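An overview of the molecular structure
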Amino acid sequence: MIAAFSFGVFAMANRTLIWNMDGATQHYPLIRELHQLLAKSGLAGVTGWSWTFGLGADKLTTMAYYVLGDPFAYLLALLPSHLLEAGYGWFIILRLYASGLAFLVFAKCYTFKPLSQLLGALTYAFAGYSLMIGVHHPFFIMPMIWLPLLFWGIERVFRGKSWAALGVITGLTVLSNFYFAYILGLGSLIYAVIRYLDLRQSKQIPLPLRRLITRLVLAAVAGLLLAGILLVPSTLMMLGSTRTGTDFANGLWLYPMSYYLKLGNAVLTTGNALSYWAILGMTGFSFLGCVYTLVHWKRHRALAGTLVLMAVGLFFPAVAAFFNVLSTPSNRWLLLATIPFGLATMVLLDHVTTLTPVDRRWLAGSTAALLLIVYLSNGLVFSNPARNLITYGLLLATTVVLVGSAQQPARLTLSLVGILIGLNLISNAWGYYNPNASQQAAQQLRRGDATKYIQDYYDGADRAVQREKTFSRVNTTPYFNLFRTVGNNMEMSHNLHGIMSYFSVQNGAVGQFSRDIQNSAYAMNSPLGQGDNRSTLNHLLGVKTIFAREDQVANHAALPYGYHASKTVYPEQAVYGLSNGEGTQRLTTSLAFPLVYTQPQALTTKQWQRLASVDRERSLTQAAVTTTKAAGVQQAHYQSPARTLGYTVTADTVPVIDSPNKVVQYRLQQALAGQKKGLNDKQLDNYGSSGKLAKLPVDQNGLISQKNEQKYAEQVQLNQNRPALDQVLTANQQILQDTMVANQHGLRQLTSDVQGNQIKYTLTLNRPKRAQGTELYLELDGISAQRLTTNDQLRDQDNTSILGNTPRSNLTKLNDWRTAVQNPDMGDYWIKVKTRNNANSFSQFGIDNLSDYEPKHRMLLNLGYSKQRRQTVDVTFNATRQINFKSVKLVAMPYDQSYDRQVHAVQRRGLQNATVSANRVTGNLVTPQTSMMTTSIPYTTGWTLKVDGRPVKTQRVNDGFVGARLPAGTHHIQLTYRTPGFILGSGLTLIGLVTLVGAGSWHWWRQPRRRH
């Protein structure tokens, strides 16, 4: 019934459980992919190499993070394709149901009453954590199933029973998701220690400590062995992924103040914006259960101590980062907290009819204290969303029932408690699932939209590529479609060989290559992205076809060099709120590199790293890059064709209020806005014809005439509070003077005025003709940002008040302070650059980003190839106070017939009679001299090479790809892929299986003898 009310709102709203972010770009596409792989090849289909996972990736290690260890995913994938979208939601509900059943199994290890166990299981299954991940990351529900079963297995060992059950569950946990297995493993270790100490105090331990440790270790080892088939390959992949080397806890010792202020409200409510994944969302009764447990801590020492430790852990980023595999401070470890919350719920349920007056006072006081904390944390207001009023209303109702339990029959109290818990769970679910109650619910896609969005993403233009028989890759232009995430898997979904992918585990070699060429589209989850529209990068990676929006072609946007638009326009296949609103055209080129080719010249990595970023990319068209000098391969002498262009910097001073003249204009505008602010639509319609701003002509500096300035000066009270006004104007004048000085020899600073408005800058090329026929880059080096403090934000408001001569009461100041504290500058910002026919940008993620945070100190932004004259480059920024640079260069990389000849020469050295299949590449290479075999196959030790039937060791070339040294001659090449660690992992799984079967059989065989 609770599930029907909780999820039935989706049916009423005609929505699915597919999120418009990761759901549409990761999770649902992966279910469709698993469905296709199983239908085509059975379980064998999920092993080996896929050319549709970006540049190519291992299917086993990529999908292991999501679906390969999830039994529900296989059941879903077995459904007919037309039921996958609906089944996606069905199996989310089924997973939640299974988590409740698992908790019931665990609860039976204690002596709680049956009703307490049932309601405890409900609060566990519908915990705020489960409700959130249910629609955002459905595969993450699996740890909620395994966690109570792991604790159940530990309880069996403590009671002298076989450790085989714990070993099996451990293995299934690791198979399900190796990342969450780490969290659950730490949680299980903590539970075992706390539980042992608790049982020892009550003298309920039947075995000595050494034997207990031995059995627990045996279970853990056997479980790891059982999971070896996925664990070993996944571990090897993870060690070489883009995830290694991240800043521990994002460099934080403490969270921002806004995080702590939000914690009080996060205890009970759901549907809030995520803040470091601090998701609690328990029922009011569970909260009171925690209070009751703490009040009676002597009777429940272990549970009370656990609750205190969890509360302390919430305050320190290092705790979250430690549980998050020593990376970002994501509080995903709070899934462990759902067990203590469930236990505390059952503790109070068992004693709900026997509460003492002291208990009732504590419960009533804790309710009042929580509401007070929320009120104070909000800044002396209760401005919560309307749905929170229901949550706190249910808390008050629960408190009233418990406080009044002495005056009512026990059966009535239990009935009322059960009803309130059920209503609370439904209310919490609606915090995420009801579009009328939560903005997050509006992010769930409408029925049928996810499937149609994926199928029609390219408007049918992909079918022409799929008919091609030779291997080539595809890409899309920037802004081909709106990206709510840093990447997507549309190429995979259309069985296309592309360069973009969006997975949590990505090849570290490709990531290193992307960072070394300073690809601005790089992110840990999508290391190449779209490739920043770079011409040479597209050519090097073998991109023959680029999908472009129809308007990009029609408006002569800056497209990569050598790509020409086909005349065929594929009409827009509209999907409401998802598609790009334009038809699609294909851009094709004859300059795409082969998948495998030879380079007779080479550079060492050290030599290559000394080149500028634009030259690193360009040099790969002429030479291979090897980690050490390749014997017999000619040394390359790369000559850069790049041009560094001179420019001057001009700040747009017109919007900056730096004179009384501009103050007059600003106050007139503010006065009109203030007059209209309190009017309703009818009044605005009637007043609109008369309430207009006087037309005051301005000159090129944004100034009105002196006559008009004098005319309106008295009206706007220009001389009122004049000393303060002059001080603000002087500050703005000083800012403009400082930024002019800072940028007189090139762009060194982007800054804001005294109101916090970011200033726009224009770079004017001294010799614009030198940029024609080139790909233009803006190279930013030594980037540092000056973050906004709370005082900065308040000072901006003070300055705005002075400039506008608008009243600023103490209450207004309090409201502004509250807003500033609750919305601090997290260090995130973006810079946008624009020319006449192209725009580009890059984002620095803030310290609250838990997936792709990396401090960026250098960046290379591609402004595109164009034959048109480009005189200026506009630079804007947002979301921070000031950005400084050590240097900013405009670099032009020319493209002409000499470049074409270089590429065609490489193409002639490409693999002849090439055959590219799932795990094999074969063909012939002709090398007149010792050369480097070079590929655009992401480097991994899983690729092995045979040359003329003899094994040859592969090496990493071009910073991130598979290659090898070849002697002169004609050679037959055979590249074969096997998942690294798969054979070893399979053997370990067999050993683990035999061990667990043997241990279980031995215990079963010995049990009857013990009874006799």
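What counts and what doesn't
Residues numbered from 1 in each chain as written. Predicted model: local features only at pLDDT ≥ 70, side-chain atom pairs only at ≥ 80, totals over all residues. Heavy atoms only, no water. Domains from an automatic or database assignment. Contact = heavy atoms within 4.5 Å. Buried area = accessible area lost by both parts, 1.4 Å probe. Axes fitted to C-alpha atoms, helices over the stretch in contact; angles between N-to-C directions. Helix = DSSP H or I, 4+ residues; strand = E, 2+ residues; numbered from the N terminus. Parallel < 35°, antiparallel > 145°, perpendicular 65-115°, else oblique. Left-handed = near helix turned anticlockwise from the far one by under 90°. Nonpolar A, V, L, I, M, F, W, Y, C, P; charged D, E, K, R; others polar. Pairing = 2+ DSSP bridges. Core = buried A, V, L, I, M, F, W, Y, C linked by side-chain atoms within 4.5 Å. Buried < 20%, exposed > 50% of the residue type's maximum accessible area, 1.4 Å probe, protein only. Salt bridge = Lys/Arg side-chain N within 4 Å of Asp/Glu carboxyl O. Lys, Arg positive; Asp, Glu negative; His and termini not counted. Patch = residues over 30% accessible without salt bridge, like charges linked within 9 Å, V, L, I, M, F, W, Y side chains within 5 Å. Areas by Shrake-Rupley, 256 points an atom, 1.4 Å probe, with all protein chains shown as cover. Polar contact = N/O pair within 3.5 Å; in protein donor to acceptor, adjacent residues only side chain to side chain. Phe/Tyr/Trp six-rings, centres within 6.5 Å; stacked < 30°, edge-to-face > 60°. Expected span 1.5 Å × (residues − 1). pLDDT = per-residue confidence, 0-100.

The next point concerns the domain arrangement of the protein chain. Domain annotation for the protein chain reports domain 1 (254–439), domain 2 (449–590) and domain 3 (648–676 + 699–869). Between the C-alpha centres of domain 1 and domain 3 the distance comes to 43 Å. On the domain 3 side, the residues contacting the 15 residues of domain 1 number 9 residues. For the domain 1 face of the interface with domain 3, the top three residues by lost area are Ser258, Tyr276 and Thr328, together amounting to 42%.

Here we take up the packing of helix H7 (residues 128–136) against helix H20 (residues 410–433). Remark: H7 packs on H20, axes separated minimally by 10 Å, with the N-to-C direction vectors making an angle of 30°. Considering their axes alone, H7 and H20 lie roughly parallel with respect to each other. Remark: the crossing between H7 and H20 carries right-handed chirality. Residues Gly128, Ser130, Leu131, Met132 and Val135 of H7 form the contact with H20, whose own contacting residues are Asn428, Ala429, Tyr432 and Tyr433. Here the contact of H7 with H20 is built from residues that sort into 6 nonpolar, 3 polar and no charged.

This brings us to the sheet that holds strand E20 (residues 838–844). Strand order across the open sheet formed by 5 strands is E14-E16-E22-E19-E20, with antiparallel pairing between neighbours. Where the open sheet ends on each side, the last strands, each with one partner, are strand E14 (647–651) and E20. For this sheet, the mean inter-axis angle between neighbouring strands, taken without regard to orientation, is 20°. Taken together, the 5 bridges between E14 and strand E16 (residues 761–765) define a ladder with antiparallel strand orientation. Opposite Thr648, over in E16, you have Thr764 as the bridge partner.

If you look at the biggest cluster of nonpolar residues, it comprises 173 residues, and the most contacted ones within it are Leu34, Val67, Leu68, Phe287, Leu335, Leu402 and Tyr433. With residues up to four places along the chain from it excluded, the contact list for Leu335 reads Tyr129, Pro143, Met144, Leu147, Phe180, Ile183 and Leu184. By size, the runner-up hydrophobic cluster in this structure holds 48 residues, among which are Leu778, Leu803, Val875 and Phe885.

Before going further, it helps to examine the pattern of salt bridges. Overall, the coordinates contain 17 salt bridges when judged by the stated rule. A salt bridge links Arg795 to Asp792; the nearest nitrogen and oxygen atoms lie 2.9 Å apart. Of this pair, Arg795 and Asp792 both sit in helix H33 (residues 790–804), 3 residues apart, which is roughly one turn of that helix. Arg808 is the salt-bridge partner of Asp798, the closest N and O atoms lying 2.6 Å from each other. Within this pair, whereas Asp798 is found in helix H33, its partner Arg808 is found in the loop between H33 and helix H34 (810–822), the two being separated by 10 residues in sequence.

Examined against the element boundaries, Arg818 turns out to sit in helix H34. Within the buried set, Arg818 has no salt-bridge partner at all; the shortest N-O distance to an opposite charge, 8.1 Å, is to Asp816. Not counting residues within four places of it along the chain, the set of residues in contact with Arg818 comprises Asn378, Gly379, Leu380 and Val381.

Moving on, we get to the pairing of E16. Counting buried positions along E16 yields 4 of 5 residues, so the element is predominantly enclosed. Of the strand pairs in this sheet, E16 and strand E22 (residues 872–878) are connected by 4 bridges, and their pairing is antiparallel. Note on E22: the bridge partner recorded for Thr764 is Thr872.

Right, let's talk about a nonpolar patch on the surface for a bit. A surface patch of nonpolar side chains, amounting to about 740 Å² of accessible area, comprises Trp253, Leu254, Leu294, Val308, Val312, Phe315 and Phe316. Tracing the sequence through the fold places Trp253 in the loop between helix H12 (228–239) and helix H13 (257–266). Trp253 sits in the exposed class, given a relative accessible area of 78%.

So, about the packing of H33 against H34. At a minimum axis distance of 9 Å, the contact between H33 and H34 shows a crossing angle of 145°. Two packed elements cross with a definite hand, and for H33 against H34 that hand is right-handed. Within the contact between the two elements, H33 uses Thr790, Gln793, Leu794 and Gln797 and H34 uses Asp816, Trp817, Ala820 and Val821. In the contact of H33 with H34, the residues fall into 4 nonpolar, 3 polar and 1 charged.

Turning next to the side chain of Glu617. Relative to the elements of secondary structure, Glu617 occurs in helix H28 (residues 613–619). A distance of 2.7 Å separates a polar atom in the side chain of Glu617 from a polar atom in the side chain of Arg534. A polar contact is formed between the side chain of Glu617 and the backbone nitrogen of Leu537, at a distance of 3.2 Å.

One open sheet accounts for 5 strands, arranged E25-E26-E32-E28-E29; its pairing is antiparallel. Strands at the two margins of the open sheet, each flanked by one partner only, are strand E25 (912–917) and strand E29 (950–952). Strand after strand, the sheet turns through a mean of 30° between neighbouring axes, direction not considered. Two strands pair when backbone bridges link them, and strand E28 (residues 943–947) and E29 are joined in this way by 3 bridges, in the antiparallel orientation. Considered in E29, the bridge of Lys946 is made with Pro951.

On to the packing of aromatic side chains. Applying the stated rule across the entire model yields 48 aromatic pairs. Seen from their ring centres, Phe53 and Phe503 are 5.2 Å apart, and the 45° between their planes marks the pair as tilted. Linking Phe53 in the loop between strand E2 (49–50) and strand E3 (57–58) with Phe503 in the loop between helix H23 (490–493) and helix H24 (508–516), this pair joins segments that are 450 residues apart in sequence. Taken as a pair, Phe53 and Phe503 share a single burial class, namely buried. With a centroid separation of 5.6 Å and an interplanar angle of 70°, the aromatic rings of Phe382 and Tyr392 are classed as edge-to-face.

This part covers helix H8 (residues 142–158). Between its first and last C-alpha, H8 extends 25 Å over 17 residues, near the 24 Å set by a 1.5 Å rise per residue. Most of H8 sits out of view: 15 of its 17 residues are buried.

Another point: the environment of Ala441. Tracing the backbone shows Ala441 in the loop between H20 and strand E4 (444–446). Classification of Ala441 as buried rests on a relative accessible area of 0%. Sequence-wise, Ala441 and Thr979 are 538 residues apart; in three dimensions their C-alpha atoms are separated by 40 Å. What Ala441 contacts, discounting residues up to four positions off in sequence, is Arg15, Tyr432, Tyr433, Asn434 and Pro435.

Per-residue confidence for the protein chain averages 93 on the pLDDT scale, and 99% of its residues sit at or above 70. Confidence, read as mean pLDDT per element, is least for helix H30 (residues 681–687) in the protein chain (69) and greatest for strand E27 (residues 931–938) (98).

In this section: unusual backbone geometry. Of note in this structure, Leu326 is not a glycine but carries a positive phi near 60°. By secondary structure assignment, the location of Leu326 is in the loop between helix H16 (317–323) and helix H17 (338–350).

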